[in-house]
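So the chains spell out like this:
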Amino acid sequence: MKRGGDFIVSPVDKGWVFSREQFTEDHKMFVEAVREFGRDRVSPVKEDLNKLNRDLSREIFREMGELGFLGIDFPEKHGGLSLDKVTTTIVAENLMSGGNASLLVTFSDHTGIATLPIIWYGSEEQKAKYLPKLANGEWMGSFALTEPGAGSDVMSAKVTARLNEEGTHYLLNGTKIFVTNGSWADTSVTFAKVDGKYTAFILDKNCEGWVIGPEEHKMGIKGSSTCTFFYEDCKVPVENRLGEVGQGTAIALNVLYTGRYKLGATTMGGSKYALNIALNYAFEREQFNRPIAEFAMIKRKFAQMVVRSWEADTICYITVGSIDKAMENIKPDDPDYYVILQKIIEDHGIEASLSKVVASEAMAYNIDEAVQIFGGAGYIEDYPASVMYRDERINRIFEGTNEINRLIIGSTTLKKAILEEIPIREMIGERETNWIPELALAPEFPLYKEAQVIEYSRSLLFYVLNQLILKYGQDLKNEQWALEPLANMLIALAVMDTGFKRCRLIPENDANRSATEVVVKLSVMDHFEDLYSAAIDLLQLVSKGTDSRVHLDKVEAQKKLLDYVPDRIACQQTIVDLLYRHKQYFLD
Amino acid sequence: MKSCVLIKQVPDGDSPVVIADDQVSLKGEGITWTTNETDGYALEEALLLKEAHGGEVVVCTIGKDSALQVVKDALAKGADRGIFITDPKFDNLDSFGKAAIFAQVLKDENFDLIFSGLQSDNSSNAQTGLILAEFLGTSHATMVIGTEWIDESRIKVNRELEAGWFRWTELDFPASLTIQSGINKPRYASLRGIMLMKKKPIATVTAEDLAMDEIPALSHIKKLYVPRKTKETVFISGSPEEIVTQLTDKLENEIKVL
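Predicted model only: the values in this text are computed from it and were never measured. (Residues numbered from 1 in each chain as written. Chains lettered and ligands numbered in written order. Predicted model: local features only at pLDDT ≥ 70, side-chain atom pairs only at ≥ 80, totals over all residues. Heavy atoms only, no water.)

**Digging into the overall build of chain B**
Here's step 1: Across its full length, chain B carries six helices and eleven strands.
Here's step 2: Whereas a compact globule of 258 residues would reach a radius of gyration of roughly 18 Å, chain B reaches 23 Å, over 25% beyond that.
Here's step 3: The burial tally for chain B puts 41% of its 258 residues in the buried class.
Here's step 4: Of the contacts made within chain B by residues no fewer than 6 positions apart, 67% connect residues no fewer than 24 positions apart.
Here's step 5: Working note: accessible area of chain B is about 14600 Å², and carbon and sulfur atoms make up 50% of it.
Here's step 6: On chain B, the mean spot of the 28 positive side-chain charges and the mean spot of the 39 negative ones are 5 Å from each other. (Helix = DSSP H or I, 4+ residues; strand = E, 2+ residues; numbered from the N terminus. Rg over C-alpha atoms; globule rule 2.2 N^0.38 Å. Buried < 20%, exposed > 50% of the residue type's maximum accessible area, 1.4 Å probe, protein only. Contact = heavy atoms within 4.5 Å. Areas by Shrake-Rupley, 256 points an atom, 1.4 Å probe, with all protein chains shown as cover. Lys, Arg positive; Asp, Glu negative; His and termini not counted. Charge placed at Lys NZ, Arg CZ, Asp CG, Glu CD.)

In structure tokens form, the structure reads like this:
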């Protein structure tokens, strides 16, 4: 896979996906290096980092810069490493071994939305001035986009910029809110309307009139800085305009794609961290003379948590692996490198949103269960679960709420179908009469039945999508009653499809292969139910006023042919036995 | 200045300890391998001296295939080249045998300083660095908690003694130093360091390369076993006199402390 949305149209017996099993030696050593830093440097001070602690946060941030963690996406010429996107995901995921979400927010904001606009759109002078210090951690960046009246609706922004009479400076006026790294930042990429045209600017500490408001009192991630910026005739030199006048929306939207898959990486790491913390506790905590880990209801929770983490891991790495694959023949010194990169990242908009949604919801699921496993202690601040519970919540809100991301998943798929960027129309026709196609898999293949279930699911998605297009046409992109369940079908298909493909690429003699097969079985069970139920809802929706039985009978008749009789509890038992043997998440 | 750091790969402290069927080694399954903790401090000390006074840092280990990783990790942190000694004949050696092999491999390198960790986390013998000094005829110091460069031929080291006492000593080069944890703050591998690692040479040495007919050994592991917990509480009841009689009987005849 190296085209965005490819998972929708490539059957399970075809198509390539990237996964951690394909890490290079460098990747594996990066994993260990970052884990060591998280474990030895961050974890011992993780409680201190839960309080707003500028000096400590900046100290660790600087060390991360020296180790290269901040400069992965930066060009080598300007103090960076110009490494692949898999490495950015590795670093973000494994920094969670330090167990502190606030630091991760500071880090992710800086390495994503706060610096990428300068890397992608900055002039040579701007890059030379800002990037080396942002790469080595001497400076911290921020990204000020949201306004009191403009969140995801970027275009309703009110902040203005006008040239002064001398033509030397833009004067910015207005307010930006919820700015991560706000009071600690040395630079800020911000946006304002120049004669009504949305435009990006780089602020630094020399800009007079950049007033930083007090810290927000947040529900969680309390150790990260979040402030309001007031621009009071804020003087920004003309040479600090980023890109062209009117290019602001494109800049903002393009970097947000990256912010999404990066958030996927941190939350995927967080989901595993939460699982491991809860597991340690379940073995320590005894009730009725035995560790609570021995009770089946706790075991079931852990089995599901393993599956959620593995799915998030799969989605995050197929996304960045696919971007890297698409970029493999483009050299970093190519003058169009960043233009091509942005196009490829934009092409992976569905996957970027999938990473964000799947991983943040996996983390939410695992942390909620972690609190439950901690029992009463989960509600007490002296134990780790409660802070995780509060910290987690923001992940389903920032970088585009999960609702906005579901809209993107649904509407981008529609767009790709209409523009025929991927052969969805062709597949709709092909699958109309052939719901469960012949597969190039031996019938004794351990996941043969799951392969058929996934292909049936794909056909069902095409069937439903066709009915939606017939009913709504292009207006489907505005029909949220339809788009949300459609996005849920796409999410379920993505998880099942890429999970299967990942598993199939693991060599049969690999120690993790048979365990992964069981994880895929359970994953398919869960997501097939989600997908089927969303399909029924959508068919009812499109049938409004007519007889839905025509559709439902067809769907059910094809489903019956599957003869799919999964054994959920047996899979859960196998997974939890393996987890207990390893005493930690074991599929890395 | 030319330094060598001896590094050992050991199981991570959290790894499950399962004894293999041969009863003299551990099962590899489920073990996470890592660099011996004090060897990490030894490496850092060598790197700091190199950064201050120039020279070369070579890392050397004896181990199975997986042990190559500790050499690579050290190269990623800044060592200049590696020597990886590996052969099935070198499995389960004692400190004497290892030191003999190290001496054979390192004797022609003419190192000014040989660093090693004070002891390994798995076998805790604290001998290899010392025996090696004997084989190579160098001066040596153990439990080193500080170093001070004097000149091209001498170094001053602070040794940790018992009961909170320390002692500064001057040593002539060549010298073998065994390093105590806490002497410095070991660095982390940077991403760039990892990328540069691949360009650094690692020489592999096998039994065939060494003109050693037999590896000497002064001790042999006969059997490994997990210590059994034999905690048992016995309640003595009766009148005070009866309790005293029973207790003294146990102390005299069972525990034999009276």
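**Observations concerning the pattern of salt bridges**
Residue and element names in this part refer to chain A.
Here's step 1: Applying the stated criterion across every chain, the model contains 59 salt bridges over all chains.
Here's step 2: Here Glu-124 ties to Lys-77 by a salt bridge, and the two come within 3.0 Å at their closest N and O atoms. With a gap of 47 residues between them, Glu-124 in helix α7 (residues 124-135) and Lys-77 in the loop between α3 (54-66) and α4 (85-94) connect regions that are remote in the sequence.
Here's step 3: A salt bridge links Glu-361 to Arg-406, with the nearest nitrogen and oxygen atoms 2.9 Å apart. In this pair, Glu-361 is assigned in helix α11 (residues 349-374) and Arg-406 in helix α13 (residues 402-418), connecting sequence segments 45 residues apart.
Here's step 4: One connected set of salt bridges, linked through shared partners, spans Arg-20, Glu-21, Arg-35, Glu-93, Lys-272, Asp-313, Arg-502 and Asp-588. (Salt bridge = Lys/Arg side-chain N within 4 Å of Asp/Glu carboxyl O.)

**Comments concerning the interface of chain A and chain B**
Here's step 1: If you look at the interface, chain A gives 20 residues, while chain B gives 14 residues.
Here's step 2: Counting each side, the surface lost to burial between chain A and chain B is near 1600 Å², with a carbon and sulfur contribution of 62%.
Here's step 3: There are four salt bridges connecting chain A and chain B.
Here's step 4: Between Lys-198 of chain B and Asp-26 of chain A there is a salt bridge, and its shortest N-O distance comes to 2.6 Å.
Here's step 5: Linking chain A to chain B there are six residue pairs in polar contact (both at pLDDT 80 or more).
Here's step 6: Among the residues making up the side of chain A that touches chain B, the classes are represented as ten nonpolar, three polar and seven charged. (Buried area = accessible area lost by both parts, 1.4 Å probe. Polar contact = N/O pair within 3.5 Å; in protein donor to acceptor, adjacent residues only side chain to side chain. Nonpolar A, V, L, I, M, F, W, Y, C, P; charged D, E, K, R; others polar.)

**Some points on the domain arrangement of chain A**
Here's step 1: Splitting chain A by domain gives domain 1 (141-246) and domain 2 (421-582).
Here's step 2: Centre-to-centre, using C-alpha coordinates, domain 1 of chain A lies 44 Å away from domain 2 of chain A. (Domains from an automatic or database assignment.)

**Remarks on the nonpolar core**
Here's step 1: Judged by nonpolar contacts, the single largest core of 215 residues is most densely connected at Ile-8, Met-64, Phe-69, Phe-302 and Leu-460 of chain A together with Leu-177 of chain B.
Here's step 2: If you tally residues by element for this core, the top one is helix α17 (residues 513-542) of chain A, at 17 residues.
Here's step 3: When residues are assigned to domains, this core turns out to be shared by domain 1 (141-246) and domain 2 (421-582) of chain A, each giving three or more.
Here's step 4: Counting residues in hydrophobic clusters, the runner-up holds 24 residues, among them Ala-103, Ile-114, Leu-132 and Met-212 of chain B. (Core = buried A, V, L, I, M, F, W, Y, C linked by side-chain atoms within 4.5 Å.)

**Quick word on α4 of chain A**
Here's step 1: Judged by how many residues are buried, α4 of chain A sits mostly within the fold: ten of ten residues are covered.
Here's step 2: Listed as buried for α4 of chain A are Lys-85, Val-86, Thr-87, Thr-88, Thr-89, Ile-90, Val-91, Ala-92, Glu-93 and Asn-94 of chain A.
Here's step 3: Looking at the buried residues of α4 of chain A, the elements they touch are α2 (25-42), α5 (101-114), α8 (248-284), α9 (296-327) and α10 (337-347) of chain A together with α5 (191-197) of chain B.

**Description of the sheet that holds strand β6 (residues 113-117) of chain B**
Residue and element names in this part refer to chain B.
Here's step 1: Spatially, the nine strands line up as an open sheet ordered β9-β8-β7-β10-β6-β1-β4-β5-β11, and their pairing is mixed. The two strands at the open ends of the sheet, each matched to only one other strand, are β9 (166-172) and β11 (202-205). Pairs of neighbouring strands in the sheet enclose a mean axial angle of 30°, with direction left out of account.
Here's step 2: Bridge count between β6 and strand β10 (residues 175-179): five bridges; the pairing is parallel. (Pairing = 2+ DSSP bridges. Axes fitted to C-alpha atoms, helices over the stretch in contact; angles between N-to-C directions.)

**Some points on the pairing of strand β1 (residues 2-6) of chain B**
Residue and element names in this part refer to chain B.
Here's step 1: Among the five residues in β1, four count as buried, and that is most of the element.
Here's step 2: Strand direction decides the pairing type here: β1 and strand β4 (residues 56-62), joined by five bridges, are parallel. Bridge pairing in β4 links Leu-6 to Cys-60.
Here's step 3: In this sheet, β6 lies alongside β1 in parallel orientation, the contact comprising four bridges. Paired with Leu-6 across the bridge in β6 is Ser-116.

**Quick look at the side chain of Thr-115 of chain A**
Residue and element names in this part refer to chain A.
Here's step 1: Note that Thr-115 resides in the loop between α5 and α6 (116-121).
Here's step 2: Residue Thr-115 is classed as buried on the basis of its relative accessible area, which comes to 0%.
Here's step 3: Not counting chain neighbours up to four residues away, the residues in contact with Thr-115 comprise Phe-74, His-110 and Leu-134.

**Thoughts on the packing of aromatic side chains**
Residue and element names in this part refer to chain A.
Here's step 1: This model, assessed by the stated rule, comprises 26 aromatic pairs over all chains.
Here's step 2: An angle of 70° between the planes, with centres 4.8 Å apart, marks the rings of Phe-283 and Tyr-580 as edge-to-face. Pair noted here: Phe-283 is in helix α8 and Tyr-580 is in helix α19 (residues 568-582), with a separation of 297 residues, a long-range link.
Here's step 3: Accessibility expressed as a relative area gives 11% for Tyr-580, which makes it buried.
Here's step 4: One aromatic cluster in this structure is built from Trp-435, Tyr-456, Tyr-463, Phe-528, Tyr-532 and Tyr-564. (Phe/Tyr/Trp six-rings, centres within 6.5 Å; stacked < 30°, edge-to-face > 60°.)

**Overview of the packing of α9 of chain A against helix α16 (residues 480-505) of chain A**
Residue and element names in this part refer to chain A.
Here's step 1: At their nearest, the axes of α9 and α16 sit 9 Å apart, and the two run at 80° to each other. Classified by the angle between their axes, α9 and α16 sit roughly perpendicular to one another. The segment α9 lies against α16, with Trp-310, Glu-311, Asp-313, Thr-314, Ile-315 and Ile-318 engaging Ala-494, Val-495, Thr-498, Gly-499 and Arg-502. (Parallel < 35°, antiparallel > 145°, perpendicular 65-115°, else oblique.)

**Some thoughts on a nonpolar patch on the surface**
Here's step 1: On the surface, a nonpolar cluster with roughly 370 Å² of combined accessible area is contributed by Tyr-379, Ile-380 and Tyr-383 of chain A.
Here's step 2: Note on placement: Tyr-379 of chain A falls in the loop between α11 and α12 (384-392). (Patch = residues over 30% accessible without salt bridge, like charges linked within 9 Å, V, L, I, M, F, W, Y side chains within 5 Å.)

**Structural notes on the state of the cysteines**
Here's step 1: Under the definition given, this model contains zero disulfides over all chains.
Here's step 2: Looking at Cys-4 of chain B, it has no disulfide partner, and the nearest cysteine sulfur is the one in Cys-60 of chain B, 5.2 Å off. (Disulfide = S-S within 2.5 Å.)

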